[in-house]
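# Remarks on the overall topology
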Amino acid sequence: MGATIIDGKAFAAGLREKVGALVPAFVEATGRIPGLAVVLVGEDPASEIYVRSKDRAATAAGMASFEYWRPAETSEQGLIELVEELNADDNVDGILVQLPLPDHIDDKAVIAAIDPAKDVDGFHVVNAGRLAVGEDALVPCTPLGCLMLLKDRLGDLAGLEAVVVGRSNIVGKPMAQLLLGENCTVTLAHSRTRDLADVVRRADIVVAAVGRPEMIRGDWLKDGAVVIDVGINRLEAQPGEKRGKLVGDVAFAEADHVRAITPVPGGVGPMTIAVLLRNTLVAAHARAGLVPPEGL
Ligand code: GUN
């Protein structure tokens, strides 16, 4: 027996392929290629890796990819002007400004400048609000990817107890909204939650997005729970290791009794970029006045 490992890498590859297969029909219908613009400010090495992967994935799916690398000294106003140019560019369907931004730039002001119709990260308050009231919205990529994995595993989620640990705007809050939209009973737990272990023990679905290595222990997880681990934490290198091990927010080795669990790496991580391509294609359809394809 033992837990089923949820292969997010394979699911993401399938989704990228599905998106790629739908691009030619869009090109045929509109005479243009769906385009994704990614903006990176400064030289954060992790962000540079993400941006390159996004570029490669978009190109592989047959989309146009536009990269904007700006120096760390870029002003907030300069960045907002770039966003406004991209808003006005008809070849751009999706705009993603890579976070974190340098300290002197206010993330909120930059996100607010993005046309909500091109906000493929789903970070704009208009999209967050639409999600909250159950209207069509562009939804943040990571939680939407988590929901896809859950529905693939469990089918209908109605009536299930879902506990989301972590209340960030990027993952926790939109994740809770998505699960509520699927008729789960949702608890949004966080660092100030009392008796967190007992709260997590109730859950049929656990989504861990706190950014603390292996904080959620095996004995917090009930038999048969489905566990989605969003955490990507690098431990300190042990003697003989060049780099520390990557671990999630869940103590994976203690979770043999659960029904299914995502590994780290290879679980949720690869889903984010696949969903970004999906969101870009959905945004492109909406902007062109076309109905987005079924089943995306
Ligand atoms: N930095 C880490 N993850 C993300 C993401 O999903 N979107 C953006 N814009 N920045 C990020």
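The rules we used
Residues numbered from 1 in each chain as written. Predicted model: local features only at pLDDT ≥ 70, side-chain atom pairs only at ≥ 80, totals over all residues. Heavy atoms only, no water. Helix = DSSP H or I, 4+ residues; strand = E, 2+ residues; numbered from the N terminus. Buried < 20%, exposed > 50% of the residue type's maximum accessible area, 1.4 Å probe, protein only. Contact = heavy atoms within 4.5 Å. Pairing = 2+ DSSP bridges. Right-handed = clockwise from strand over helix to strand, strands pointing away. Axes fitted to C-alpha atoms, helices over the stretch in contact; angles between N-to-C directions.

### Observations regarding the side chain of N279
Within the secondary structure layout, N279 lies in helix 9 (residues 269–287). Exposure remark for N279: the relative accessible area of 0% places this residue in the buried category. Excluding residues within four positions of it along the chain, N279 makes contact with V120, L138, V139, C141 and L144.

### Focus on the pairing of strand 6 (residues 185–189)
By the bridge criterion, 5 bridges tie strand 5 (residues 161–165) to strand 6 in an arrangement that is parallel. Following the sheet pairing, V164 is matched in strand 6 by L188. This β-α-β element, strand 5 to helix 7 (residues 172–181) to strand 6, shows right-handed connectivity.

### A short note on the sheet that holds strand 3 (residues 64–70)
One open sheet holds the 3 strands; their spatial order is 3-2-4, and the pairing between them is parallel. The open sheet is flanked by strand 3 and strand 4 (94–97), the only strands paired with a single partner. Adjacent strand axes in the sheet meet at a mean angle of 15°, parallel and antiparallel pairs treated alike. Sheet topology places strand 2 (residues 35–41) next to strand 4; 4 bridges connect them, and they run parallel. Note on strand 4: the bridge partner recorded for L36 is G94.

Just distances and angles here, no functional claims.
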